[in-house]
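Analysis of the macromolecular model
Below, each chain spelled out in residue letters.
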Amino acid sequence: MIQAVIFDMDGTLIDTEKYYRICWPQALAHFGYTMSDEQALSMRSLGQPYAPEHLKEMFQDPDLDYPAIRVYRKQLMEEYLERDGIQIKPGAVELLEYLKEKKIQRAIATATDTERAARYLKQIGLYEYFDRIICANMVKCGKPSPDIYIYACQQLGLAPSACMAVEDSPNGVTSAYRAGCQVVMVPDQTKPDAELQKMLTACVDSLDQMKTLFE
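Residues numbered from 1 in each chain as written. Predicted model: local features only at pLDDT ≥ 70, side-chain atom pairs only at ≥ 80, totals over all residues. Heavy atoms only, no water.

Quick word on the pairing of strand β1 (residues 4-7)
For clarity, the threshold we go by: A simple rule labels every residue: compare its accessible area, found with a 1.4 Å probe on the protein chains alone, to the largest value its type can have, and call it buried under 20%, exposed over 50%, or partly exposed in between. Secondary structure elements are defined from DSSP: runs of H or I of at least 4 residues count as helices, runs of E of at least 2 residues count as strands, and each element is numbered from the N terminus. For two strands to be treated as a pair, DSSP must find no fewer than two bridges joining them.
Residues of β1 alternate between two faces, with A4 and I6 on one and V5 and F7 on the opposite face, all of them buried. Note that β1 and strand β2 (residues 105-110) share four bridges and pair parallel. In the strand pairing of β2, A4 is matched with Q105. The pairing of β1 with strand β4 (residues 163-167) spans four bridges and is parallel. Within β4, the residue paired with I6 across the bridge is A165.

Below, the structure is given as structure tokens:
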């Protein structure tokens, strides 16, 4: 029986993943690198220490200044969100209300840092729905390592098998699966391939469809 649902944030609850897809190439271009769209997609939910290693390998440059590039990418991201606002994914509020009524715990496990996660969630009125908000800076290794989901389950006082993870990206799905959670994917930028499908309990088109998993 599922006792908690742990949500990824970007691309799952809020429609922000598309901006990472835009901002990583723009930030890297500012520092003299050319990133393809496929390469940008590979960065989704990729946490420390994997993201800097991934970029250095991608561009075959051990001296790539990841901290500076990331700071510039975050600046670009904030400019996009200030211009467009943060859009909540369809069905998110209704699903959170439903889980609350069912007395199923709700948590966040995000690659976004604590300050921005709290700010985004408060800005769109979702903050109070969650029993725990777990961010990448709270664990040693980010996604696709299982650390963040293991820690989230510990904070909820539950075994991973009693928790359902909701993710939109391959790195996020891999993280939750490795932790031992049941994993539901709500694809955002790409659909799951055959290998990823093996890790999933279910794949749904939108958060609206998730209620059927609890009936």
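Observations concerning the nonpolar core
How we decide: In these notes, a set of buried Ala, Val, Leu, Ile, Met, Phe, Trp, Tyr and Cys residues joined through side-chain atoms within 4.5 Å is what counts as a nonpolar core. For the domain bounds, the source is a domain assignment made automatically or taken from a database. Contact definition: two residues touch when any of their heavy atoms are within 4.5 Å.
Membership of the largest hydrophobic core comes to 54 residues, with the highest contact counts inside it found for F7, L55 and F130. Contributing elements (two or more residues each) for this core: β1, α1 (17-30), α3 (50-58), α4 (66-84), α5 (92-101), α6 (114-123), β3 (132-135) and β4. Counting the residues that make up this core, at least three belong to each of domain 1 (4-15 + 87-213) and domain 2 (17-84). If we ignore the near neighbours within four places in the chain, the residues touching F7 are L13, L95, L96, L99, A107, I108, A109, F130, V166 and L207. A109, V173, V183 and L196 belong to the second-largest nonpolar core, a separate cluster that totals 23 residues.

Digging into the pattern of salt bridges
Quick reminder of the rule: The salt bridge criterion pairs a side-chain nitrogen of Lys or Arg with a carboxyl oxygen of Asp or Glu, the two atoms within 4 Å.
In the structure shown here, the tally under the stated rule is 14 salt bridges. For the salt bridge of D8 with K143, the shortest nitrogen-to-oxygen distance reads 3.0 Å. You can see D8 sitting in the loop between β1 and α1 and its partner K143 sitting in the loop between β3 and α7 (147-156), a full 135 residues away along the chain. Assigned by exposure class, D8 and K143 land together as buried. Note that D15 and K89 form a salt bridge whose closest N and O atoms lie 3.8 Å from each other. In this pair, D15 is assigned in the loop between β1 and α1 and K89 in the loop between α4 and α5, connecting sequence segments 74 residues apart. In this structure, D15 and K89 share a single accessibility class: buried. Several salt bridges share partner residues, and in doing so they unite D15, K18, K89 and D188 into one network.

A few points about the sheet that holds strand β5 (residues 182-185)
Let me state the cut-off plainly: Axes, fitted as lines to C-alpha atoms, cover a helix only where it is in contact. Angles between the N-to-C directions of the axes lie from 0 to 180 degrees.
Strand order in the open sheet made by the six strands is β3-β2-β1-β4-β5-β6, with parallel pairing throughout. Two strands in the sheet have a free side with no partner beyond their single neighbour: β3 and β6 (202-203). When β2 meets β3, the two strands line up parallel, connected through four bridges. By the bridge assignment, I108 is partnered in β3 with I133. The sheet contacts of α5 involve β1 and β2, and relative to β1 the element is tilted by about 155 degrees. The sheet strands contacting helix α8 (residues 170-179) are β4 and β5, and the helix crosses β5 at an angle near 165 degrees.

Remarks on the domain arrangement of the chain
Note the threshold: Each of two parts loses accessible area, computed with a 1.4 Å probe, when they are put together; buried area is these two losses added. Under this definition, polar contacts are N or O atom pairs within 3.5 Å; protein pairs additionally need one hydrogen-donor-capable and one acceptor-capable atom, and for neighbouring residues in sequence, both atoms have to be side-chain atoms.
Partitioning the chain into structural domains gives domain 1 (4-15 + 87-213) and domain 2 (17-84). Using only C-alpha atoms to locate each centre, domain 1 and domain 2 end up separated by 22 Å. Counting residues at the interface gives 26 residues for domain 1, matched by 22 residues for domain 2. With both chains or domains summed, domain 1 and domain 2 bury close to 1800 Å², and 40% of this area falls on carbon and sulfur atoms. If you sort the residues of domain 1 by the area they bury against domain 2, D15, R116 and Q189 come out on top, with a joint share of 31%. One can count three salt bridges joining domain 1 with domain 2. With a shortest N-O distance of 3.7 Å, K74 and D113 are connected by a salt bridge. Summed over the shared surface of domain 1 and domain 2, the result is eleven residue pairs in polar contact (both at pLDDT 80 or more).

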